[in-house]
Amino acid sequence: MYEYELQQARSAELIRRAEHERLAREAVRTRRAARREAAESAAGRTAGRSDGDAAESDPHSRRSPRSRFARFARPA
């Protein structure tokens, strides 16, 4: 009887964990969709401006314009 109750408790815990993981994935998906929608609407507003440079000056990625590697000092 003890093993049966232990198995039931483990099963219930696994079900709770799975539900929590599903909710977490859904929350991440929702946040990403909202962020994407906000970026698209901001891009639409920027593209609608009269100056043509505004849309081109927006970065297309999150990469920094600086190099990832430091410059080496030249020997004198």
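Everything that follows concerns the structure shown earlier in this document.
From a predicted model like this one, the values you see are computed outputs, not experimental measurements.

(A) Structural detail: the overall build of the protein chain. Counting secondary structure elements, the protein chain contains two helices and zero strands. Scored against the burial criterion, the 76 residues of the protein chain give a buried share of 3%. When the accessible surface of the protein chain is totalled, it reaches about 8000 Å², and 53% of it is carbon and sulfur.

(B) Quick look at the pattern of salt bridges. Within this structure, the stated rule accounts for three salt bridges. Across the pair R16 and E13 runs a salt bridge whose closest N-O atoms are separated by 3.0 Å. Taken together, the residues R16 and E13, both in helix α1 (residues 2-47) and three residues apart, mark about one turn of the helix. For R16, a relative accessible area of 52% translates into the label exposed. For E13, a relative accessible area of 32% puts it in the partly exposed group. Across the pair R22 and E19 runs a salt bridge whose closest N-O atoms are separated by 2.9 Å. Separated by three residues within a single helix, R22 and E19 lie in helix α1, roughly one turn from each other. In this structure R22 comes out as partly exposed when scored by relative accessible area, which is 43%. Look at E19 and you get partly exposed, because its relative accessible area is 37%. When salt bridges with common partners are traced through the structure, they connect E13, R16 and R17 into a single cluster.

(C) Structural view of a positive patch on the surface. A surface patch of like charges, here positive, comprises R31, R32, R35 and R36. Mapped onto the elements of the fold, R35 is located in helix α1.

What counts, and where the lines are drawn
Residues numbered from 1 in each chain as written. Predicted model: local features only at pLDDT ≥ 70, side-chain atom pairs only at ≥ 80, totals over all residues. Heavy atoms only, no water. Helix = DSSP H or I, 4+ residues; strand = E, 2+ residues; numbered from the N terminus. Buried < 20%, exposed > 50% of the residue type's maximum accessible area, 1.4 Å probe, protein only. Areas by Shrake-Rupley, 256 points an atom, 1.4 Å probe, with all protein chains shown as cover. Salt bridge = Lys/Arg side-chain N within 4 Å of Asp/Glu carboxyl O. Patch = residues over 30% accessible without salt bridge, like charges linked within 9 Å, V, L, I, M, F, W, Y side chains within 5 Å. Lys, Arg positive; Asp, Glu negative; His and termini not counted. Charge placed at Lys NZ, Arg CZ, Asp CG, Glu CD.

These figures come from the coordinates and say nothing about function on their own.
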